[in-house]
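Descriptive analysis of the structure
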Amino acid sequence: MTIAVAPHLDSSDCQKDHARRGKTLRNFLLICLASALVCLFSYGPTVRSLGYYWDDWPGVLVSNYLTHQDLSNYLASDRPVSALLWRVSTPILGANPVRAHVAAIVLRWMVALAVLAIVLGIWRERWFEAAAVCLLVAVYPGFSGHAIAWIHSQAIYVPLLLFLLSIACSIWSAPSKGLLLILVAPGLLMAAFSLFTVEYFAGLELFRPIFIFLALEETAASFSARLRRTAVHWLPFFSVFLVWAVWRFAFFHSTRAATDQVELARKLAANPLPEIAFRALHAISDLASAGMMVWTQTIAPYIFSSDASGVWITGLFILAAAASVA
């Protein structure tokens with residue numbers, strides 16, 4: 001008769017696993033705290049001195065005074081799904097600009113943490129590098145619309161946050177079968193809501209298969225196996241992207257030229273080579289300016305022209321902290 005002996009875990013293995021989990025939680029909390037402080041000191045001192053700007057004004061007006069149906073009609077000709085987001089955000093933001101600016105800071109912090117999740121999903125346990133990327137995203141100077149807090153919280157930060165979280169879900173679910181359904185379903189929903197709300201971040205979908213491929217480095221046996229698994233994991237998300245693209249280009253027609261994708265398709269079809277060349281040159285120029293040259297703004301003379309004492313106090317504090325670390 002054969003007797004099966006139940007396997008048991010060695011106490012040292014349990015202790016190592018417990019220590020690893022504790023280290024992971026500690027590192028994550030430290031990065032959360034550090035990035036929160038960076039956002040607070042970078043954007044917090046001017047919160048009470050800022051108001052509404054640009055498209056904040058019509059957004060605040062229509063969202064607080066129109067009925068739900070009238071708000072849907074107001075946005076129907078441009079970005080109709082945005083009405084769902086505005087209905088949720090209006091009771092939270094109200095008509096006080098301080099609320100909008102606080103919300104923008106919180107959302108910017110959450111965007112930085114979403115990038116942290118993406119980096120850690122690709123390169124596990126690379127905490128220092130992930131923290132550096134997270135903090136750089138928190139203070140990235142290329143987005144100059146942070147002060148236009150009400151409209152950009154809903155048109156930029158929320159859709160961007162959802163799309164980044166969707167990418168993080170697809171990355172973390174790819175190597176693990178146990179997390180597949182738990183993460184893929186919310187990832188698909190977040191990607192769909194982001195795409196159908198605004199079209200700004202549709203191009204990020206092209207980076208998703210690259211990130212999934214990198215995340216599968218330690219689990220796939222060969223290059224071809226990684227390609228197959230990447231295709232399988234990307235397919236549901238690409239399907240969502242394809243549905244959005246068909247709807248946006250073939251069925252939805254915006255009455256505003258800047259967001260009319262049908263007009264864009266018409267121009268491309270009429271003059272494909274000049275239009276593609278024109279957009280390719282602009283894309284290269286934008287990548288260079290937004291990726292490298294934009295950091296020169298951090299040493300521009302105008303940063304010393306603020307009359308707010310809080311800005312100077314914060315700047316001196318940051319300089320002292322940086323000097324002590326160095």
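Residues numbered from 1 in each chain as written. Predicted model: local features only at pLDDT ≥ 70, side-chain atom pairs only at ≥ 80, totals over all residues. Heavy atoms only, no water.

**Here's the deal with the packing of aromatic side chains**
Aromatic ring pairs are defined here through the distance separating the ring centres and the angle between the ring planes. Inspection of every chain in the model, using the stated rule, returns 10 aromatic pairs. A ring pair is formed by Phe143 and Tyr157, whose centres lie 5.6 Å apart and whose planes are at 75 degrees; its orientation type is edge-to-face. Highlighted residues: Phe143 in the loop between α6 (127-138) and α7 (149-173) and Tyr157 in helix α7, separated in sequence by 14 residues. Taking the relative accessible area as the measure of exposure, Tyr157 reaches 4% and is therefore buried. Between Trp234 and Phe238 the ring centres are 4.9 Å apart and the planes differ by 50 degrees, which places this aromatic pair in the tilted class. Highlighted residues: Trp234 and Phe238, both in helix α10 (residues 223-251), separated by 4 residues, approximately one helical turn. You can call Phe238 partly exposed: its relative accessible area is 30%. (Phe/Tyr/Trp six-rings, centres within 6.5 Å; stacked < 30°, edge-to-face > 60°. Helix = DSSP H or I, 4+ residues; strand = E, 2+ residues; numbered from the N terminus. Buried < 20%, exposed > 50% of the residue type's maximum accessible area, 1.4 Å probe, protein only.)

**Side note on the confidence of the model for the chain**
Atomic detail in the predicted coordinates should be set aside for any region of low pLDDT. Of the residues in the chain, 83% have a pLDDT of 70 or more, and the chain-wide mean is 82. Ranking the elements of the chain by mean pLDDT puts helix α13 (residues 309-325) last, at 64, and helix α5 (residues 97-122) first, at 94. Here residues 1-7 is modelled with pLDDT under 50, and outside its nearest four sequence neighbours on either side it reaches 0 contacts, counting other chains as well. (pLDDT = per-residue confidence, 0-100. Contact = heavy atoms within 4.5 Å.)

**Points about the nonpolar core**
Trp86, Leu116, Ile118, Trp150, Leu164, Leu195 and Trp244 are the most contacted members of the largest nonpolar core, which has 63 residues in total. Dropping the residues within four chain positions of it, Leu164 is found in contact with Val111, Ala114, Val115 and Ile118. (Core = buried A, V, L, I, M, F, W, Y, C linked by side-chain atoms within 4.5 Å.)

**Some thoughts on the side chain of Ser170**
Here Ser170 is to be found in helix α7. Ser170 sits in the buried class, given a relative accessible area of 1%. Ignoring any residue separated from it by four or fewer positions in sequence, one finds Ser170 in contact with Arg208, Ile212 and Phe237.

**Concerning α6**
Relative to the 16 Å expected for 12 residues at 1.5 Å per residue, α6 spans 16 Å between its end C-alpha atoms, a close match to the ideal helical length. Three or more residues of α6 are buried, namely Trp127, Ala130, Ala131, Cys134 and Ala138. Burial along α6 is one-sided: seen end-on, the buried residues are contained in an arc of 100 degrees. (Expected span 1.5 Å × (residues − 1). Arc of directions from axis to C-beta.)

**Here's the deal with the environment of Pro58**
Its location among the elements puts Pro58 in helix α2 (residues 56-65). According to the relative accessible area criterion, Pro58 is partly exposed, its value standing at 31%. As for Pro58 and Ile151, which are separated by 93 residues in sequence, their C-alpha atoms are 9.2 Å apart.

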